[in-house]
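# Understanding the architecture of this molecule
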Amino acid sequence: VKEVPKPPETKLTMKEVLRLKSEDEGIAHVLSEAERILGKTFTTSDTETIVWLISYAGISPEVLITVIAYCAGIGKNNLRYIQKTALEWLENGIDTIEAAEERMRVLEEAKSWEGEVKRVLEIYGRSLVSKEKEFCESWRIYGISSELIHFAYEKCIEKTAKLSFPYINKLLISWHQKGIKTPAEAAAENKTKDIDKKPSFDLDELE
């Protein structure tokens, strides 16, 4: 994790902004592209934020434009959010255009995967909370299919009568460790468990 500077407590003066803008062509380019991407004319405060991110935080113009495009794509056009995201990327070592594009790819993949998980878990009208996203991402990393997640969800409802991410995760991790990849294999494993639980003697005969 890279140490990054904190946003300034005091704003840059307009004189400083104009000087830095005139000295660095990259700043002028980012300001022009950012206004185009976000579809608005920057305020003085917006301009100061962009200048600070490039001149003081050390974020390259190319990476900053990628951050801005990403934020705009998820409906976050606020410069404060853009600044926070840019600094988080920098802190995680994303300081080249190649690294930024890879982060974009991962984020887009995770976003579409989250949507698929929400669909099979029948979650509508809300976003996943942080812990749910962690579960969701771990299932993606393990290569667990959405069909198996849905099967675990059905078993969860049968057992608890409600959606429980921890319960579903317990089932999925157990199946993953056993090499179970499909609902059919999971069903067969459950059936074997049920058989194993039956007593070795006939209760009726014993009575």
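As shown above, the structure is provided for reference.
These remarks concern the structure in this document.

Thresholds applied
Residues numbered from 1 in each chain as written. Predicted model: local features only at pLDDT ≥ 70, side-chain atom pairs only at ≥ 80, totals over all residues. Heavy atoms only, no water. Helix = DSSP H or I, 4+ residues; strand = E, 2+ residues; numbered from the N terminus. Buried < 20%, exposed > 50% of the residue type's maximum accessible area, 1.4 Å probe, protein only. Axes fitted to C-alpha atoms, helices over the stretch in contact; angles between N-to-C directions. Parallel < 35°, antiparallel > 145°, perpendicular 65-115°, else oblique. Left-handed = near helix turned anticlockwise from the far one by under 90°. Contact = heavy atoms within 4.5 Å. Nonpolar A, V, L, I, M, F, W, Y, C, P; charged D, E, K, R; others polar.

## A few points about unusual backbone geometry
Most peptide bonds adopt trans geometry, and most residues besides glycine take a negative phi value. For glutamate 122, which is not glycine, the phi torsion reads 55° and is therefore positive. Take glutamate 122: it is sitting in the loop between α6 (97-120) and α7 (130-142). Its relative accessible area of 44% is what places glutamate 122 among the partly exposed residues. Located in the positive-phi region is alanine 161, a residue other than glycine, with phi close to 65°.

## A few points about the packing of helix α2 (residues 25-38) against helix α3 (residues 44-55)
Contact geometry for α2 and α3: axes closest at 10 Å, N-to-C directions at 135°. On the basis of the axis angle, α2 is oblique to α3. Of the two possible hands of crossing, α2 and α3 adopt the one that is right-handed. Contacts between α2 and α3 involve Gly26, Ile27, Val30 and Leu31 from the first element and Thr47, Ile50, Val51, Ile54 and Ser55 from the second. For the contact of α2 with α3, a count of residues per class yields six nonpolar, three polar and no charged.

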